[in-house]
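Now for the letters of each chain:
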Amino acid sequence: MKISGSFLVPVPQERAFRLLQDPAVLARSMPGCDTLERIGDNEYHMKMKMVLASISGLFDGKVRIADSRPHSSFRLIVEGAGRIGFMRGDGLLTLTELEGGTNVQYEGTVEVGGTIAAVGQRLLDTTARMMIKRFFEKLTAESASSGTFSPTAIL
Amino acid sequence: MIPQDFEYSAPASLKEALELIATGERKILAGGMSLIPLMKLRLAAPEHVVDLARVPGLDYITESGGTVRIGATVTHHDLESSPVIRGRAPLLAEAAGHIGDTQVRNMGTIGGSIAHADPAADYPASLLALEAQIRLVSAKSDRTVPASDFFLDAFTTAIEPGELVLEVLVPTEEPKEGYRYEKVSHPASGFAVVGVAARIKKAGAKISMARIGVTGMSPRAFRALEAEKLLESGAGVAQAAATVAEGQEANRDLYASADYRRHLARIWAARALNVALSRAS
């Protein structure tokens, strides 16, 4: 399914771009992310526990950053598989400086398969949107606490 | 299918139940109409299930001082058929009658349904329109939350770890007010693609109070405050209903797109309001 939207991150564009590519920040912001380990250039191994109401599942997968055009756009590719199904998200994030922050526009596709897709179709879209919303809410909180900003940001 | 192994406790008192859920990852089982299918598909694999079936005294329906109190383990069928609910909170009885099928209504509970907070569940629309409150208790706390602060997002409520839904408090409807729950059922699951609960009070020919709750359309059920205001300031049903979906995110799936859901919400709001209006005196 196609997914798009935008969020306002209350920091200047350059900082927003770095935050969005900082593995430590990503690990803290992605809902359910347990570990995020670097396995290559702009590529990370991820373990994630998704918990939504009664549904819970462990996912093992990868996060990849591609087509990085510093401070204006990059692609974020997240894929994972677990016993309850698999998912793959591929989105282009475009950053534009606004007054009071940076507008982050995302546009991409999310594919979900396995048991979770077979029985949960009516909720996939709602769930995907909610996870993206939580990601940006956490990110906004992260951006407010500059002390935790990791110096190992990938530039 | 067979669920993954889990520990099972069936406490015999509320105190014991609250002690059990105070620590660790515990999942509460009431009617099991959502949890058990998920466990059988292994989409849910709780380590420890705490069953409320043997906790006495949670399935009451009482009314006093303008408030109907509904215990957490009251089933949908009990609500639908209770003379107290039919007489004092008929909107809720009407909504309960729309849930799932007979088997689900005989087993499923109001506490379980609202704690699960499916975005397409029937109760939230009515509970919002009725300005109901939900009482949450834990081993250490006891608090009451308005329905509008309870449903936070899809499958997300104000329930904190260690808390359970004890009861639902509903201010009684006046006999003169009109009410209606209208719903587009998903043909396979019976869930609300869109469900609208409406209440109308009249003063002469004018509408003195309007309450509209919408479920199914958005990740969380909401009150159509703008439409309520319009009705209370003399606008017609068509004009008010046209604003119902404004400013709200809309769900979409293979059955109904976001725009179609918005469209349904407007049309069904008008239908619910018209029936409520005709019932008000």
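For the structure, check the block above.
A quick note: this is a predicted structure, and the numbers were derived from the prediction, not measured.

Draft legend 1. Region of the structure containing the nonpolar core. Judged by nonpolar contacts, the single largest core of 48 residues is most densely connected at Leu20, Met46, Val63, Phe74, Leu93 and Phe136 of chain A. If one sorts the elements of this core by residue count, helix H3 (residues 115-144) of chain A sits on top with eight residues. In terms of nonpolar packing, the next biggest core, distinct from the first, is built from 38 residues, Ile114, Ala125, Val168 and Ala197 of chain B among them.

Draft legend 2. Local environment of the sheet that holds strand S13 (residues 206-215) of chain B. Residue and element names in this part refer to chain B. With respect to topology, four strands assemble into an open sheet ordered S11-S12-S13-S14, the strand pairing being antiparallel. With partners counted over all chains shown, the strands left at the sheet margins are strand S11 (178-185) and strand S14 (222-223), one partner each. The pairing of strand S12 (residues 192-203) with S13 spans nine bridges and is antiparallel. Bridge pairing in S13 links Gly195 to Thr215. Strand contacts of helix H10 (residues 225-232): S12, S13 and S14, with the helix running at about 165° to S13, the strand carrying the most contacts. Helix H12 (residues 258-279) contacts S11, S12 and S13 of the sheet and is inclined by roughly 35° relative to S12.

Draft legend 3. Broad picture of the pattern of salt bridges. With the rule as written, the count across this model stands at 32 salt bridges over all chains. Two residues, Lys49 of chain A and Glu25 of chain B, come together in a salt bridge whose shortest N-O distance is 3.8 Å. Pair noted here: Lys49 of chain A is in strand S3 (residues 43-52) and Glu25 of chain B is in the loop between helix H1 (14-21) and strand S2 (26-29), and the two residues belong to different chains. With its nearest N and O atoms 3.1 Å apart, the salt bridge here joins Asp67 of chain A to Arg75 of chain A. Judged by relative accessible area, which is 25%, Arg75 of chain A ranks as partly exposed.

Draft legend 4. Local environment of unusual backbone geometry. Look at Asn42 of chain A: it is not a glycine, yet its phi comes out positive at around 55°. With respect to the secondary-structure elements, Asn42 of chain A resides in the loop between strand S2 (33-40) and S3. On the basis of relative accessibility, which here comes to 23%, the residue Asn42 of chain A falls in the partly exposed class. Unlike most non-glycine residues, Glu131 of chain B shows phi in positive territory, near 50°. With respect to the helices and strands, the residue Glu131 of chain B is situated in the loop between helix H8 (123-129) and strand S6 (133-137). Given a relative accessible area of 38%, Glu131 of chain B falls into the partly exposed group.

Criteria and cut-off values
Residues numbered from 1 in each chain as written. Chains lettered and ligands numbered in written order. Predicted model: local features only at pLDDT ≥ 70, side-chain atom pairs only at ≥ 80, totals over all residues. Heavy atoms only, no water. Core = buried A, V, L, I, M, F, W, Y, C linked by side-chain atoms within 4.5 Å. Buried < 20%, exposed > 50% of the residue type's maximum accessible area, 1.4 Å probe, protein only. Helix = DSSP H or I, 4+ residues; strand = E, 2+ residues; numbered from the N terminus. Pairing = 2+ DSSP bridges. Contact = heavy atoms within 4.5 Å. Axes fitted to C-alpha atoms, helices over the stretch in contact; angles between N-to-C directions. Salt bridge = Lys/Arg side-chain N within 4 Å of Asp/Glu carboxyl O.

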